[in-house]
Amino acid sequence: MSTADAPAVPARTRRVNPLRRFLNRPEFGAVAGTILVFLVFLLLTGGKGFLEARGIAGQLQVAAQIGILGATVSLLMIAGEFDLSIGSMIGAAGLVLALCLVHFQLPVWLAVIITFAFAIGWGFLQGWIVVRTGLPSFLVTLASLFILRGGSIGATRAITNLTVVSGVNDKIAGDPFAALFNATLLSITIPGGGRADFRIEILWWIIIAGLATWVLLRTRFGNWIFGTGGSATAARNLGVPVARVKISLFMCTAASAALLATIQVMSVGSADVLRGQNKEFEAIITAVIGGTALSGGFGSALGSMFGALTLGITQLGIFFVPGFNTDWYQVVLGGLLLAAVIVNDYLRRRASEARR
Amino acid sequence: MSDTAPPVLEARGVSKYFGRVIALEDVSLSVRAGEVNCLLGDNGAGKSTLIKLLSGVYQPDSGTLLMDGQPLELASPRDALDRGIATVFQDLAVMPLMSITRNFFLGSEPTRGSGPFRRFDLAACDDIARAQMREIGIEVRDTSQLVGTLSGGERQTVAIARAEYFGARALILDEPTSALGVKEAAIVLRHVLRARSRGLAVIFITHNVQHALPIGDTFTILNHGRLAGTYRRGEVDLEQLLRLMGGGEELNELARELEELARENAGARVARTVPPPAEVPPPPAG
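Keep in mind it's a predicted model, so treat the numbers as computed, not measured.

**Things to note about the overall build of chain B**
Right, on to step 1. Helix and strand content of chain B: nine helices and 12 strands.
Right, on to step 2. Burial status across chain B gives 49% buried among its 286 residues.
Right, on to step 3. A sequence separation of at least 24 residues applies to 64% of the contacts in chain B between residues at least 6 apart.
Right, on to step 4. For chain B, the accessible area works out to roughly 13,100 Å², and carbon and sulfur atoms hold 52% of it.

**Some details on the packing of aromatic side chains**
Right, on to step 1. Summed over all chains, the structure comprises 16 aromatic pairs over all chains.
Right, on to step 2. Ring geometry for Phe38(A) against Phe50(A): centres 5.7 Å apart, planes inclined by 40°, an arrangement best described as tilted. Pair noted here: Phe38(A) is in helix 2 (residues 28–45) and Phe50(A) is in the loop between helix 2 and helix 3 (53–78), with a separation of 12 residues, a long-range link.
Right, on to step 3. An angle of 80° between the planes, with centres 6.2 Å apart, marks the rings of Phe105(B) and Tyr165(B) as edge-to-face. Residue Phe105(B) is located in helix 3 (residues 100–105), and its partner Tyr165(B) is located in helix 5 (residues 152–166); the two are separated by 60 residues in the primary sequence.
Right, on to step 4. These aromatic residues form a ring-pair network of at least three members: Phe104(B), Phe105(B), Tyr165(B) and Phe166(B).

**Examining the pattern of salt bridges**
Right, on to step 1. Inspection of every chain in the model, using the stated rule, returns 18 salt bridges over all chains.
Right, on to step 2. With a shortest N-O distance of 3.5 Å, Glu35(B) and Arg232(B) are connected by a salt bridge. Here Arg232(B) lies in strand 12 (residues 226–232) and Glu35(B) lies in the loop between strand 2 (21–31) and strand 3 (36–40), a separation of 197 residues in the sequence.
Right, on to step 3. Looking at Arg232(B), the relative accessible area reads 41%, which means it is partly exposed.
Right, on to step 4. Notably, a salt bridge pairs Asp217(B) with Arg196(B), separated by 3.1 Å at the nearest N-O pair. With Asp217(B) in the loop between helix 7 (209–212) and strand 11 (218–223) and Arg196(B) in helix 6 (residues 182–197), the pair connects residues that are 21 residues apart, well separated along the chain.
Right, on to step 5. Residue Asp217(B) is classed as buried on the basis of its relative accessible area, which comes to 14%.
Right, on to step 6. Residues joined in a network through salt bridges with shared partners are Asp345(A), Arg348(A) and Arg349(A).

**Topic: the interface of chain A and chain B**
Right, on to step 1. Taken together, the 37 residues of chain A in the interface contact 36 residues of chain B.
Right, on to step 2. With both chains or domains summed, chain A and chain B bury close to 3,200 Å², and 54% of this area falls on carbon and sulfur atoms.
Right, on to step 3. Put simply, chain A and chain B have one salt bridge between them.
Right, on to step 4. Glu109(B) serves as the salt-bridge partner of Arg220(A), at 3.3 Å between the closest nitrogen and oxygen.
Right, on to step 5. Here chain A and chain B share six residue pairs in polar contact (both at pLDDT 80 or more) between them.
Right, on to step 6. Every element with two or more residues in the side of chain A that touches chain B is listed here: helix 1 (18–23), helix 9 (201–218), helix 10 (220–230), helix 11 (232–237) and helix 15 (329–352) of chain A.
Right, on to step 7. It is helix 10 of chain A that contributes the most residues to the side of chain A that touches chain B, six residues altogether.

**Examining empty space enclosed by the protein**
Right, on to step 1. Tallying each qualifying case throughout the model produces four cavities of 30 Å³ or more.
Right, on to step 2. As a volume, the largest cavity reaches approximately 150 Å³.
Right, on to step 3. Considering the residues around the largest cavity, the lining is formed by 18 residues, among which Asn237(A), Leu238(A), Leu81(B), Ala86(B) and Thr87(B) are closest to the centre.
Right, on to step 4. Sorting the residues of the lining of the largest cavity by element identifies helix 2 (77–82), strand 6 (85–88) and helix 5 of chain B as the ones contributing at least two each.
Right, on to step 5. Its residues assigned to classes, the lining of the largest cavity shows 13 nonpolar, four polar and one charged.

**Looking at the side chain of Thr206(B)**
All names here are of chain B.
Right, on to step 1. Among the secondary structure elements, Thr206 is positioned in strand 10 (residues 201–206).
Right, on to step 2. Engagement of the side chain of Thr206 in a polar contact is seen with the backbone nitrogen of Asn208, the distance being 2.9 Å.
Right, on to step 3. Those residues within four positions of Thr206 in sequence are excluded, and the remaining contacts are Leu39, Leu40, Gly41, Lys47, Glu175, Thr177, His211 and Ala212.

**Let's talk about the sheet that holds strand 4 (residues 62–67) of chain B**
All names here are of chain B.
Right, on to step 1. Taken in spatial order, the four strands make up an open sheet running 2-1-4-5, and their pairing is antiparallel. The open sheet has two edge strands with one neighbour each: strand 2 and strand 5 (70–72). Taking the axes of each pair of neighbouring strands and ignoring which way they run, one obtains an average angle of 30° across the sheet.
Right, on to step 2. With three bridges connecting them, strand 4 and strand 5 associate as antiparallel partners. Paired with Leu66 across the two strands is Pro71, which belongs to strand 5.
Right, on to step 3. The strands that helix 1 (residues 47–54) touches are strand 1 (9–18), strand 2 and strand 4; relative to strand 1, the one it contacts most, it runs at about 120°.

**Overview of the packing of helix 4 (residues 86–103) of chain A against helix 6 (residues 137–160) of chain A**
All names here are of chain A.
Right, on to step 1. Taken N-terminus to C-terminus, the directions of helix 4 and helix 6 make an angle of 25°; their axes are 8 Å apart at the nearest point. Judged by the angle between their axes, helix 4 and helix 6 are roughly parallel. In this structure, helix 4 meets helix 6 at a crossing whose hand is left-handed. Mapping the contact onto sequence places Gly87, Ser88, Met89, Gly91, Ala92, Leu95, Leu99 and His103 in helix 4 and Leu145, Leu148, Arg149, Ser152, Thr156, Ile159 and Thr160 in helix 6.

**Re a negative patch on the surface**
Residue and element names in this part refer to chain B.
Right, on to step 1. On the surface, a cluster of negative charge is contributed by Glu253, Glu257, Glu260 and Glu264.
Right, on to step 2. Topologically, Glu260 is positioned in helix 9 (residues 248–264).
Right, on to step 3. Note on Glu260: relative accessible area 46%, which makes it partly exposed.

**What about helix 1 of chain B?**
Residues and elements named next belong to chain B.
Right, on to step 1. The element helix 1 is largely enclosed, with a buried count of six among its eight residues.
Right, on to step 2. Those residues of helix 1 lying buried are Lys47, Thr49, Leu50, Ile51, Leu53 and Leu54.
Right, on to step 3. With its phi angle positive at about 85°, Gly56 sits one or two positions after the end of helix 1.

**Regarding the nonpolar core**
Right, on to step 1. Of all hydrophobic cores here, the largest spans 95 residues; its most connected members are Leu69(A), Trp205(A), Ile225(A) and Met266(A).
Right, on to step 2. The greatest single-element share of this core, amounting to 14 residues, is contributed by helix 12 (residues 242–268) of chain A.
Right, on to step 3. Among residues more than four places away in sequence, those in contact with Leu69(A) are Ile86(A), Ile90(A), Ser256(A), Ala257(A), Leu260(A), Lys279(A) and Ala283(A).
Right, on to step 4. Judged by nonpolar contacts, the second largest core, of 45 residues, contains Leu173(B), Val188(B), Ile215(B) and Val236(B).

**Concerning the layout of surface pockets**
Right, on to step 1. Empty space within the largest pocket amounts to approximately 600 Å³.
Right, on to step 2. For the lining of the largest pocket, the secondary-structure elements that each account for two or more residues are helix 1 and helix 9 of chain A together with helix 3 and helix 4 (122–135) of chain B.
Right, on to step 3. For the lining of the largest pocket, the per-class residue count stands at 10 nonpolar, six polar and nine charged.

**Focus: a nonpolar patch on the surface**
Residues and elements named next belong to chain A.
Right, on to step 1. Together, Leu185, Leu186, Ile188, Leu203 and Ile207 line one region of the surface with nonpolar side chains, adding up to about 420 Å² of accessible area.
Right, on to step 2. For the nonpolar patch, the elements supplying multiple residues, two or more each, are strand 2 (184–189) and helix 9.
Right, on to step 3. Among the elements that take part in the nonpolar patch, strand 2 stands out by supplying three residues, more than any other.
Right, on to step 4. By secondary structure assignment, the location of Leu203 is in helix 9.

Calculation criteria
- Residues numbered from 1 in each chain as written.
- Chains lettered and ligands numbered in written order.
- Predicted model: local features only at pLDDT ≥ 70, side-chain atom pairs only at ≥ 80, totals over all residues.
- Heavy atoms only, no water.
- Helix = DSSP H or I, 4+ residues; strand = E, 2+ residues; numbered from the N terminus.
- Buried < 20%, exposed > 50% of the residue type's maximum accessible area, 1.4 Å probe, protein only.
- Contact = heavy atoms within 4.5 Å.
- Areas by Shrake-Rupley, 256 points an atom, 1.4 Å probe, with all protein chains shown as cover.
- Phe/Tyr/Trp six-rings, centres within 6.5 Å; stacked < 30°, edge-to-face > 60°.
- Salt bridge = Lys/Arg side-chain N within 4 Å of Asp/Glu carboxyl O.
- Buried area = accessible area lost by both parts, 1.4 Å probe.
- Polar contact = N/O pair within 3.5 Å; in protein donor to acceptor, adjacent residues only side chain to side chain.
- 1 Å grid on protein atoms, 1.4 Å probe; cavity = no way out; pocket = protein on both sides within 12 Å on 5 of 7 lines; lining within 4 Å.
- Points joined across faces, edges and corners; volume = space filled by probe spheres on them.
- Nonpolar A, V, L, I, M, F, W, Y, C, P; charged D, E, K, R; others polar.
- Pairing = 2+ DSSP bridges.
- Axes fitted to C-alpha atoms, helices over the stretch in contact; angles between N-to-C directions.
- Parallel < 35°, antiparallel > 145°, perpendicular 65-115°, else oblique.
- Left-handed = near helix turned anticlockwise from the far one by under 90°.
- Patch = residues over 30% accessible without salt bridge, like charges linked within 9 Å, V, L, I, M, F, W, Y side chains within 5 Å.
- Lys, Arg positive; Asp, Glu negative; His and termini not counted.
- Charge placed at Lys NZ, Arg CZ, Asp CG, Glu CD.
- Core = buried A, V, L, I, M, F, W, Y, C linked by side-chain atoms within 4.5 Å.

Next comes the structure, spelled out in structure tokens:
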């Protein structure tokens, strides 16, 4: 054909260098960071333990548990709000579930529904208070953190005289509904003894992070999330239902905490009021490593998956580095957070700087 | 355009109070299709309050709004948008960390599919945004690029292009030129004229008389929350407008002071009279 050499792409669809596009995406830093952290631990451990089936299963389990929270927390942070109460919510929702099963002898499906209803209702209340009062969500959810934690301790002790509810395993044994939360997807028997279990929370993580990414990037609601975080007033003036967006997202973060609580209670067989401590901060770290701006209006749910993976690799990696143990995990986590904030801040400024 | 048709948008004797503060009292303003009404006034004159009433952000404490002669109640900005009243708010026009396309369609995203599969049709939106931007003279290479990468004038034109695209009837522009340089302001003013020639009713808010004079068909002047006058094009000149805005007296005084100063220094320099400043200096953005 004679026109084969002519530029076939019309001006209105002029090609943009895909590499440059990727460099300007919010999750670029997280992807690069995950690869870097992986390589560092590969070097430090020589792959021993770290790269074996059991090590990988461990990394993925840590990543999945924190990633379930990180995905919804990312969306909330992009909308410009925080939820510090999810750590306490993990403990509280776990107790609600265990009490329903063990103390009130409810069927598994009903207990799970009550647990989620409790969490989502709490999330709604929290969101409603934030929207109505206009107070910083940091403070409202900080108050909620203490109310939930203290309330769970007080209520559980009043009902059972203990702060741990066990005996869940007897109630859920053989229940097909429970398998949704505690099944093992793949179990590899290791020749030297033991097994590597890939558990169902990995699937939940992928589904939730995938769903969050789709909502954020491909739905109206997702655009509203960006707009709400960018400037709530401007978004409201353009007709975005800002209050609805924020309240819905508080309900989502609480629901994700309830999901993690359900998975933990059904896997371990008991609920403990102290479960989930510091998870609110780990979820924020996951989101920030994933490229979400603390100031809102910018970020990625997909990035939070890489943030969660980085946490998983780090926690398991340290365990296998000779001369180290998991005591050092928090030190490394803090360092990672600092590095991620600096790098992502630089990348964000680069992406939004005038260029033409 | 016919003078017998009722104005597209009209405020009749509207008042708005914030506690004991009178933000606006008994103010009337109207704009017809294919006309530009320049709303002039110093800072704090009530310009922003008036356009917030017209765009549904606030509701008047008394008085009525009318559209095409029919009483109009605006419960929210969404309400106003649905009736074809699009507003570009000062400084809050666009989100720097969102892409051009996402900004363009924020709050009015077209969707494809139905039920749980209803999705934001980004591909089609990219094409529309690119075409609209080209029409107003900005060639965008990549509509996924963040608005923060555009210059101040270009950001303002994104907001205006968006308002024009969605606002079928009336376009309200709140100080779109205040933070811009001369060249960029001229680009924005050209878009205002273009919107007028397309038959939109335009309300153009400014405190810069020089920007208002060449494009206004009507001039509505506010002073301390009250109407200081409404004039047709040709009925007033620059100095009269300045005086009506309340800034004229102060500026004359300033000119006299400068003159005196110049006379005192006459020994060192050749004295010259200081012409009255033609322009009220723009305030800091915000």
